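Structural description and commentary
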Amino acid sequence: MKKFTKDEIEKDAKSTSADQKSGEAASNVKQNPESAETAANAEPSQESTETAANTELNQEGTETAANTESKQESTEAAANTESNQEGTETTDNAKPNQEGLEADNSEKQKLNEGVDGSSDGIQKADDGQNEISEKGDVVKKRHKKGRIAAVLLVMFFVIALAFAYGRGVYYYKRSFFPQLEVNGVSCGNMSLQEAADKIQQWYADNYRLKLLDREGEELMEILPSDVQMVFPVEEELSKILEGQNAYRWFIYVFLEEGETREIVISPQYDMAKLQRLLEQRGLFDVSRGEAPQDAYISEYQEELKQFVIVPEREGTVLEQETTIACTAEALTGMQDSLDLYEAGCFKTAEITADNEQLKRRLEALNRVVGTCITYDWNGAQEILDGELIHQWMVLDGEEITLDEEQVAAYVAQMAKEYDTYGKKRKFVTTSGLTLTLPSGAYGWKTNRSAETEALIELILEGAVTEREPIYTSEGWVKGEDDIGDSYVEINLTDQHLYLYIDGEVVLETDFVSGNAANGNSTPAGVFGLTYKTRNAVLRGPDYETPVSYWMPFNGNIGMHDATWRRSFGGDIYLTNGSHGCINLPLKMAKTIYEYMSTGFPVICYYY
């Protein structure tokens, strides 16, 4: 075996030092996965170096192939070392590697010289080749160890990742994903119980129920602690947790925006405490509020001439049962506020303005006061309407009646004012005398009872009409002077008769009146023709006399023809007068008969 010169020994030492540093670099690879990747990237440079070496050795012959292979391995080691130098940034290792390359180049030069020079040079080349081969084996072993270390490092890294992933799956099967919000409460990375406790505490601290009155003002505030209110959420949270795909936990770890979920909470509370709380706050104290008032029908409105419905008045007293029920419902629904008025918690009137029975009653009342009767009462106009009628109304439940006494009083008052029957009258005679005559059976006389009954019926019907009252006696014309311009004027003093038609005398004649001597004097007064008839028989206690024209005006006293008399007028009546009738010549009786009709005025007077 060839002995090494001093220079060769130094080169070998440098090469060995480089291999050691190469091993250290390989060791560093185990600690730094990125260095392992850099080492893998260095292999193409190694192959390039091998190509260059092979090219040169091929030019020298087959024997130098082994040397080239040895150099290749040495170059690989150098390349790996250089790569490790770059990965781990250990600049001190670069110099030994550089020296190893220079030694290889020196050996190559010596071999080339041996080939070109002499056979002694060839021998030296063989010896160098053996030496290089031994060194290459050492480098290969070390390089193999480096690769094993890199593989182990990668395996360790993969196992660590798998372990971390498995731990994440295990964790997020029992905990919520990061950044999860439930009903606005952050529950990320919390267990089911932790999240439930946090949400329950949040609602216990923040939930409030405000009770509002009719004007929207706050009456009171209910806190969860007031009614031992709890907020069970475990069941809903369990559904969210079960719905998580724990195998995708790593996606949610890196999400910038969290997931938002809403759950329905059905709180539980102590109903008895709620009732006591509302009672203690005085919500049902009648003395502190105003009771509602039913709708009703107003008094008669003179400006409207009718009745109206006065609407119900809403009170300020709460209905206890309804209020408690609505409050409980609001708590169950987690409402922030409860408008007690809109919820119908205030006590309401039993009878409202839209009550059908009340409206029917109003209609009946207004029908009655809607009556309007325009009377023609002996020529005077009188209007009877609701202004007076509403005072006569009697309300008995649903029935509407009238006070008959008040109605009768009204009829009597009108009759007294406008009736002329029985009243004295002023009368101007043909001779120009003005006389005040007593009333006989003549003039306007109201049938008070009949008119009262008829009026009540009309009012209850709500009649709107014009009418005259019912009379038992009527004048020839209407008005206070009900005689008019057509009448029979009988001057008992002068025993002379005048027939006026429309203010004109159409007939005048003498007559014979009642016998004054035996007390059968014809009474004075204003009378109306009761009726007229032809060919009547006049009867009395001691007489029975037929006449052609009979015209009674005061009971059994009337005008008729007296064919048995030869003369009329003068003072015949004083001793030879009639039983009280007006005896007329036949011709005059006939003419008067033709002009007269029932009610025709007959004025008898003495002066």
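Residues numbered from 1 in each chain as written. Predicted model: local features only at pLDDT ≥ 70, side-chain atom pairs only at ≥ 80, totals over all residues. Heavy atoms only, no water.

**Remarks on the overall build of the chain**
In plain terms, the rule: In this description a helix means any DSSP run of H or I spanning at least four residues, a strand means any run of E spanning at least two, and both kinds are numbered starting from the N terminus. Only protein chains enter the accessibility calculation, which uses a 1.4 Å probe; a residue is then buried when its area is under 20% of its type maximum, exposed when over 50%, and partly exposed in between. The contact rule is simple, with two residues in contact once any of their heavy atoms fall within 4.5 Å. Note on areas: Shrake-Rupley with a 1.4 Å probe; residue coverage comes only from the protein chains shown.
Secondary structure summary: the chain contains 16 helices and 26 strands in total. Looking at the chain as a whole, 41% of its 607 residues are labelled buried. Taking all contacts inside the chain whose residues are at least 6 apart in sequence as the whole, residues at least 24 apart take part in 67%. Roughly 33,800 Å² of accessible area belongs to the chain as shown, and the carbon and sulfur atoms make up 48% of that amount.

**As for the pairing of strand β9 (residues 372-377)**
The following threshold applies: For two strands to be treated as a pair, DSSP must find no fewer than two bridges joining them.
When β9 meets strand β16 (residues 464-467), the two strands line up parallel, connected through four bridges. Bridging from a neighbouring strand, Cys 372 pairs with Val 464 of β16. Linking two consecutive strands that pair antiparallel, namely β9 and strand β10 (residues 380-384), is a turn of two residues; a positive phi of about 50 degrees is found at Asn 378 within it.

**Points about the sheet that holds strand β20 (residues 504-510)**
Our working rule: For every element, the axis is a line fit to its C-alpha atoms; helices are fit only across the contacting stretch, and the angle between N-to-C directions ranges from 0 to 180 degrees.
Pairing is mixed across the open sheet formed by five strands, whose spatial order is β20-β19-β18-β26-β21. Two strands in the sheet have a free side with no partner beyond their single neighbour: β20 and β21 (525-528). This sheet shows a mean twist of 20 degrees between the axes of neighbouring strands, independent of strand direction. Sheet topology places β21 next to strand β26 (residues 601-605); four bridges connect them, and they run antiparallel. By the bridge assignment, Val 526 is partnered in β26 with Ile 603.

**Some points on the packing of aromatic side chains**
Defined as follows: For Phe, Tyr and Trp, where Trp contributes only its six-membered ring, two rings pair if their centres lie within 6.5 Å, and the inter-plane angle classes them as stacked under 30 degrees, edge-to-face over 60, or tilted in between. Over a ring means this: the NZ of a Lys or the CZ of an Arg is within 6 Å of the ring centre and within 35 degrees of the ring normal.
Counted by the stated rule, this structure contains 21 aromatic pairs. Seen in terms of ring centroids, Phe 427 and Tyr 487 are 5.5 Å apart; in terms of plane orientation they differ by 80 degrees. Their pairing is edge-to-face. Taken together, the positions of Phe 427 in strand β13 (residues 425-428) and Tyr 487 in strand β18 (residues 487-491) put the pair 60 residues apart, joining distant regions of the chain. The exposure class of Phe 427 is buried, given its relative accessible area of 6%. An aromatic cluster is defined as three or more aromatic residues linked by ring pairs; in this entry it consists of Tyr 165, Tyr 171, Tyr 172, Phe 177, Trp 249, Phe 250 and Tyr 252. Looking at Arg 214, its charged tip hangs above the ring of Phe 346, at a distance of 4.6 Å from the centre. Positioned above the aromatic ring of Tyr 593 is the side chain of Lys 532, whose terminal nitrogen or guanidinium carbon lies 4.6 Å from the ring centre.

**Section: the nonpolar core**
For clarity, the cut-off: Buried residues of nine kinds, namely Ala, Val, Leu, Ile, Met, Phe, Trp, Tyr and Cys, make up a nonpolar core once their side-chain atoms join them within 4.5 Å.
Ranked by size, the top nonpolar core spans 40 residues in total, and within it Ile 199, Leu 211, Ile 222, Leu 237 and Leu 278 carry the most contacts. Of all the secondary structure elements, the ones that give two or more residues to this core are α6 (192-206), β3 (209-212), β4 (218-222), α7 (234-243), α9 (271-280) and α10 (320-332). Take this core: its biggest share by element is five residues, from α10. Residues contacting Leu 278, with those up to four places away along its chain left out, are Leu 211, Met 220, Ile 222, Leu 283, Phe 284, Ile 324 and Thr 327.

**Examining the environment of Lys 426**
Its place among the elements puts Lys 426 in strand β13. In sequence terms Lys 426 and Asp 481 are 55 residues apart; their C-alpha atoms lie 8.5 Å from each other. Discounting residues that sit within four places of it in the chain, Lys 426 has contacts with Leu 435 and Thr 436.

**Details of the confidence of the model for the chain**
Defined as follows: Per-residue confidence from the predictor is reported as pLDDT, which spans 0 to 100.
Across the chain, pLDDT averages 81, with 77% of residues at or above 70. Scored below 50 in pLDDT, residues 1-123 makes 109 contacts in the model with residues more than four places away or belonging to other chains.

**Examining the environment of Asn 520**
Here is the rule: Polar contact is the term for a pair of N or O atoms within 3.5 Å; when the atoms are in protein, one must be able to donate a hydrogen and the other to accept it, and sequence-neighboring residues count only if both atoms are side-chain atoms.
Residue placement: Asn 520 occurs in the loop between β20 and β21. Considered as a pair, Asn 520 and Gly 580 are 60 residues apart in the sequence and their alpha carbons are 5.2 Å apart. Leave out the neighbours within four places in its chain, and Asn 520 touches Gly 514, Asn 515, Ser 578, His 579 and Gly 580. A polar contact is formed between the side chain of Asn 520 and the side chain of Asn 518, at a distance of 3.1 Å.

**Concerning the pairing of β20**
Pairing between strand β19 (residues 496-501) and β20: six bridges, direction antiparallel. Each bridged residue has a counterpart across the sheet, and for Leu 499 the counterpart in β20 is Leu 507.

**With respect to the pattern of salt bridges**
Short version of the rule: A pairing counts as a salt bridge when a side-chain nitrogen of Lys or Arg comes within 4 Å of a carboxyl oxygen of Asp or Glu.
For the coordinates displayed, the defined rule picks out ten salt bridges. For Arg 214, the salt bridge is made with Glu 314, and the minimal N-O distance between the two is 3.2 Å. With Arg 214 in the loop between β3 and β4 and Glu 314 in the loop between β7 (309-310) and α10, this pair connects stretches of sequence that are 100 residues apart. Here Arg 313 and Glu 290 are joined by a salt bridge, their closest N and O atoms 3.3 Å apart. Pair noted here: Arg 313 is in the loop between β7 and α10 and Glu 290 is in the loop between α9 and β6 (296-297), with a separation of 23 residues, a long-range link. Here Arg 313 falls in the partly exposed class, since its relative accessible area comes to 43%. Assessed through its relative accessible area of 38%, Glu 290 is described here as partly exposed. What you see here is one network of salt bridges that share partners, running through Asp 376, Glu 468 and Lys 478.

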